[in-house]
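Observations on the three-dimensional arrangement
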Amino acid sequence: MNLPRISKRLSSAASLVRDGVRIADIGTDHAYLPIYLYLSSKVSGGVVSDINQGPVDRARANLCDYGCEDAFVAQRADGLDGVLAHGVEDIFILGMGGELIASIIENEPEIKNEKYSLVLQPMTHPEILRKYLGHNGFEIDCELIVEEDKIYQIMRARYTGRVSEYSLLELNFGARNLEKPTPELFALMKRTRAVYCERVKGKALSGVDTSQENEMIEKIDKFLSEYLGE
Ligand SMILES: C[S@@+](CC[C@H](N)C(=O)[O-])C[C@H]1O[C@@H](n2cnc3c(N)ncnc32)[C@H](O)[C@@H]1O
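Rules used throughout
Residues numbered from 1 in each chain as written. Predicted model: local features only at pLDDT ≥ 70, side-chain atom pairs only at ≥ 80, totals over all residues. Heavy atoms only, no water. Helix = DSSP H or I, 4+ residues; strand = E, 2+ residues; numbered from the N terminus. Buried < 20%, exposed > 50% of the residue type's maximum accessible area, 1.4 Å probe, protein only. Contact = heavy atoms within 4.5 Å. Lys, Arg positive; Asp, Glu negative; His and termini not counted. Charge placed at Lys NZ, Arg CZ, Asp CG, Glu CD. Expected span 1.5 Å × (residues − 1). Arc of directions from axis to C-beta.

Secondary structure summary: the protein chain contains nine helices and seven strands in total. Once the C-alpha set of the protein chain is aligned to its principal axes, its extents read approximately 60 × 35 × 35 Å. Classification of the 230 residues of the protein chain by burial places 47% in the buried group. Of the contacts formed within the protein chain by residues at least 6 apart in sequence, a portion of 68% connects residues at least 24 apart. The average position of the 27 basic charges and that of the 36 acidic charges among the side chains of the protein chain differ by 3 Å.

Below, the structure written as structure tokens:
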């Protein structure tokens, strides 16, 4: 059976799975990631779920088209409701806002267990998600930044009970990414800087305080000048 063609964002997230586990894909939409992992013999099956019926139907149809319908349960559910009962260990929550991902984790207390590995890809507000993870005892053990149509951040976290307090740059770009800077990190920082500069312009026109934006711009500038001499 041919593998589905998946984006660089999804294949990068897929690279963070542990071999042979059962997985959950929350907010699956099309189920391409689980299908890809199963047909690559990386995982043994699991559950795909979505809060909306349309995506669940689409996921079910794709699972059937690729002959994976016996390996995955497709269910309509809000976040992690009823998911852990399927004996999954690696949980993907990709392509949603950072705040929503944090609330999905928060709403399932059983997830605070070292056996679960969470692969997360916030479309917005990675800083809210990292702050939530750090304050609630989830340790981030791997981070990736990938560029295709946009620049995406992907992280893998696991409950250890140890609390982490991250700096402004760490919240926004990831401590592990900052330790080993890549061209993608520099590109993301430059894009973020441009967004903050626009905000400063807009706010300054209406006389609103811009100290938070200025702090971010200064910190990005300091980092870039250290590594790139810019
Ligand atoms: C942009 S799609 C991302 C699809 C896929 N995960 C990916 O990254 O390509 C977001 C999906 O999350 C689903 N979703 C939103 N809130 C959810 C929730 N609380 N629980 C489960 N699914 C949710 C939406 O219905 C939608 O199908």
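Once the structure has been displayed, the description carries forward.
Residues three or four positions apart in an α-helix share a direction because the helix packs 3.6 residues into each turn. Across its 18 residues, helix α9 (residues 211–228) extends 25 Å between first and last C-alpha, which sits within 8% of the 26 Å expected from 1.5 Å per residue. Of the positions making up α9, those classed as buried are E213, M216, I217, I220, F223 and L224. Angularly, the buried residues of α9 cover 130 degrees about the axis, an arc narrow enough to put them on a single face. Turned more than 90 degrees off the buried face of α9, the exposed positions are E218, K222 and E226. Those residues of α9 that are buried lie in contact with α6 (168–173), α7 (175–179) and α8 (183–205). One or two steps after α9, the chain reaches G229, where phi turns positive at roughly 70 degrees.

All right, on to α8 then. Its 23 residues place the ends of α8 33 Å apart at the C-alpha level, agreeing with the 33 Å of an ideal helix rising 1.5 Å per residue. Those residues of α8 not exposed but buried are L185, F186, L188, M189, T192, Y196 and V200. Residues of α8 that are buried make contact with β6 (138–147), β7 (151–159), α6, α7 and α9.

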